[in-house]
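Residue-level structural notes
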Amino acid sequence: MKKYLPLILLAIFSVLPLLGLSSYVMHILIFVIMWAVIGMAWNLLGGYCGQVSFGHAAFFGIGAYTSGILYSKLGVSAWWGMPLSLLVVTASSLVIGYIFLRLRGPFFALGTLAMGVILRVTAENLTAFTEGDLGIMIRERTWVEKIWYYYIILIIAVCTFYLIKKVVESKLGYYFVAIREDQDAAESLGINTTYYKTVALCLSAVITGLAGAFYTNYMGYIDPKVVFALHDISIVAIMVVMVGGVATYWGPLVGSVIMVVLAEVIRSIPKLGTAHHTLFGILLIVIIIFLPNGIVGDYKKLKRFFGVRRAS
Amino acid sequence: DLGKSIRATAQDNDAALLMGVNVGKMRVITFGLGSALVGAAGCLLIPIYYLYPDLGGQFTLIAFVITILGGLGSTIGAIIGGLILGVFESMTATYAGMGWAPVGRFVIFIAALIFIPGGIVSLLKRKRLGK
């Protein structure tokens, strides 16, 4: 049963849009899967390799803007941005990795945080290139129905999941965990830590950039405050993993379901008004305090808790 | 005595606990003192700035930058760091354009992280020791 769980989930997810769901539900499903992809990407760098990044919005934004600039400046379909974003994000993540991966622990987090802000302000100011705060609008939508977008992001998610599973189970994954546990010890055992950290950053960045390029095509509009947002992209990427479970395969998926669906559910409670942000924040704090390893990581604890409640 | 206990807590949590320092209390005192100072600074800011609920966010980042630039755990460093940051930011705003000012701020931050990880205070200390 457990062995076939991924296939069963995949079957459920691929049948879901055929049920004739409304476009609102489809939108939420697409966002759940997109956040799961970004969460998985962050999990590879932050969860397995231990390099906590507060700047994943930078890669997301670079991917999104690769697509957008390709459309607005060269007049090519924005879908070409997805393969091209692989190259652009790899190149930029190599540069960023070269600068920032010499920092450790909290300093790496602060450095990436600053990098995200620098890229946002740069995108706002290079008006000749990125249209600045006006943003880039994709005027021709490829499809009106959301079902095709859903399948595209689903394929990306499946590939990402498979890739990360393969990487983590290979020798590379063990190197990553060794670097996370003790960088000096890993280095003294002959692991080229800088090289493997760069590999982890590159993989993580490329997946995030791909999600960014998808975002441009799906939403049809990007501006620096949206795609380079610290609170809405970088922090949410971390929250998705923290809520779901750090360094677990299924954590990001569970986390993104919680982050997106729970936020929508709370938003739909009548008479709450804008206080839904407050309620959602409190719920997140409760989850993080009582389930420090995330929902997947503390699954046993959760089960025990509910089992005890049912018995009494 | 209070300061020594706070520094001991910062250096080694467990050792401080074994030496009879009330670690939890020290943390609460430090956090409270820091928050109170920031609150006082906020009151001083209000006559020259406009007020809205998101106001705090931008200053949190600047505070990070100044502390790293000056050197963690040093008051003099924070003052010098703040001065350098302010001047550098204004220069960027003047010569590169108003919108680029945050870039200047964070570039100097990253430069400080990479080239002088101990902050400006570590440079001063090195000079005093004659190295």
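Parameters and conventions
- Residues numbered from 1 in each chain as written.
- Chains lettered and ligands numbered in written order.
- Predicted model: local features only at pLDDT ≥ 70, side-chain atom pairs only at ≥ 80, totals over all residues.
- Heavy atoms only, no water.
- Helix = DSSP H or I, 4+ residues; strand = E, 2+ residues; numbered from the N terminus.
- Expected span 1.5 Å × (residues − 1).
- Buried < 20%, exposed > 50% of the residue type's maximum accessible area, 1.4 Å probe, protein only.
- Arc of directions from axis to C-beta.
- Contact = heavy atoms within 4.5 Å.
- Buried area = accessible area lost by both parts, 1.4 Å probe.
- Salt bridge = Lys/Arg side-chain N within 4 Å of Asp/Glu carboxyl O.
- Polar contact = N/O pair within 3.5 Å; in protein donor to acceptor, adjacent residues only side chain to side chain.
- Nonpolar A, V, L, I, M, F, W, Y, C, P; charged D, E, K, R; others polar.
- pLDDT = per-residue confidence, 0-100.
- Axes fitted to C-alpha atoms, helices over the stretch in contact; angles between N-to-C directions.
- Parallel < 35°, antiparallel > 145°, perpendicular 65-115°, else oblique.
- Left-handed = near helix turned anticlockwise from the far one by under 90°.
- Phe/Tyr/Trp six-rings, centres within 6.5 Å; stacked < 30°, edge-to-face > 60°.
- Lys NZ or Arg CZ within 6 Å of the ring centre and 35° of its normal.

**As for helix α14 (residues 276-290) of chain A**
All names here are of chain A. Spanning 15 residues, α14 covers 21 Å between terminal C-alpha atoms, matching the ideal 21 Å at 1.5 Å per step. Within the sequence span of α14, burial applies to His-276, Phe-280, Leu-284 and Ile-287. Looking straight down α14, one finds its buried side chains confined to an arc of 70°; they lie on one side. More than 90 degrees from the buried face of α14, the exposed residues found are Ile-285, Ile-289 and Phe-290. On its buried side, α14 packs onto α12 (230-244) and α13 (251-267).

**A word on the interface of chain A and chain B**
Contact with chain A, which involves 16 residues of that partner, is made by 14 residues of chain B. Buried area between chain A and chain B, summed over both chains or domains, comes out near 1300 Å², and the portion from carbon and sulfur atoms is 91%. A per-residue breakdown of the area chain A buries against chain B is headed by A:Phe107, A:Leu110 and A:Ile118, which together make up 34% of the total. Our count for the contact surface shared by chain A and chain B stands at zero salt bridges. Inspection of the chain A/chain B interface yields one residue pair in polar contact (both at pLDDT 80 or more). Those elements that provide at least two residues to the side of chain A that touches chain B are α4 (81-100) and α5 (105-125) of chain A. Considering each element in turn, the side of chain A that touches chain B owes the most residues, eleven residues, to α5(A). Residues that form the side of chain A that touches chain B fall into these classes: twelve nonpolar, three polar and one charged.

**Quick notes on the confidence of the model for chain B**
All names here are of chain B. In the predicted model, chain B carries a mean pLDDT of 83, and 98% of its residues have values of at least 70. The spread of mean pLDDT over the elements of chain B runs between helix α7 (residues 120-128), the lowest at 77, and helix α3 (residues 23-45), the highest at 90. Predicted complex metrics record ipTM = 0.73 and pTM = 0.85.

**Describing unusual backbone geometry**
Residue and element names in this part refer to chain A. Positive phi outside glycine occurs at Ala-247, with the angle close to 60°. For Ala-247, the position within the fold is in the loop between α12 and α13. With relative accessibility at 25%, the residue Ala-247 sits in the partly exposed group.

**Points about the packing of helix α2 (residues 23-48) of chain A against helix α7 (residues 147-169) of chain A**
When two helices pack together, their arrangement is given by the angle between their axes and by how far apart the axes lie. All names here are of chain A. Following both chains from N to C, one finds α2 and α7 inclined at 20°, their axes separated by 9 Å at the closest point. Judged by the inter-axis angle, α2 sits roughly parallel to α7. The two elements α2 and α7 meet at a crossing, and its hand is left-handed. Counting all contacts with α2, which are made through Met-26, Leu-29, Ile-30, Ile-33, Met-34, Val-37, Met-40, Ala-41, Leu-44 and Tyr-48, the residues of α7 involved are Ile-147, Tyr-149, Tyr-150, Ile-153, Leu-154, Ile-156, Ala-157, Thr-160, Phe-161, Ile-164, Val-167 and Val-168. A breakdown of the residues in the contact of α2 with α7 according to their chemical character gives 21 nonpolar, one polar and no charged.

**Looking at the packing of aromatic side chains**
The relation between two aromatic rings is expressed through the spacing of the ring centres and the mutual angle of the planes. Residue and element names in this part refer to chain A. This model, assessed by the stated rule, comprises 18 aromatic pairs over all chains. Where Tyr-150 meets Tyr-151, the ring centres are 5.7 Å apart and the plane angle is 75°; that geometry is what we call edge-to-face. Note on Tyr-150: relative accessible area 0%, which makes it buried. Of the residues examined, Tyr-151 reaches a relative accessible area of 22% and is grouped as partly exposed. Clustering of aromatic rings is evident, with ring pairs tying together Phe-31, Phe-60, Trp-79, Trp-143, Trp-148, Tyr-149, Phe-214, Tyr-215 and Tyr-218. In this structure, Arg-102 packs its charged tip against the face of Tyr-98, placed 5.0 Å from the ring centre.

**A few points about the environment of A:Val167**
All names here are of chain A. Locating Val-167 in the fold gives a position in helix α7. Note on Val-167: relative accessible area 10%, which makes it buried. Sequence separation between Val-167 and Leu-44 is 123 residues; the distance between their C-alpha atoms is 9.1 Å.

**A short note on the pattern of salt bridges**
All names here are of chain A. Applying the stated criterion across every chain, the model contains nine salt bridges over all chains. In this structure, the salt-bridge partner of Asp-133 is Lys-225, at a minimum N-O distance of 3.6 Å. Residue Asp-133 is located in the loop between α6 (127-130) and β1 (136-137), and its partner Lys-225 is located in helix α11 (residues 224-227); the two are separated by 92 residues in the primary sequence. Put simply, Glu-169 and Lys-165 hold a salt bridge, and the shortest N to O gap is 3.5 Å. With Glu-169 and Lys-165 both in helix α7 and four residues apart, this pair spans about one turn of that helix. The partly exposed category is assigned to Lys-165, whose relative accessible area is 29%. Overlapping salt bridges bring together Arg-120, Glu-124, Asp-133 and Lys-225 as one network.

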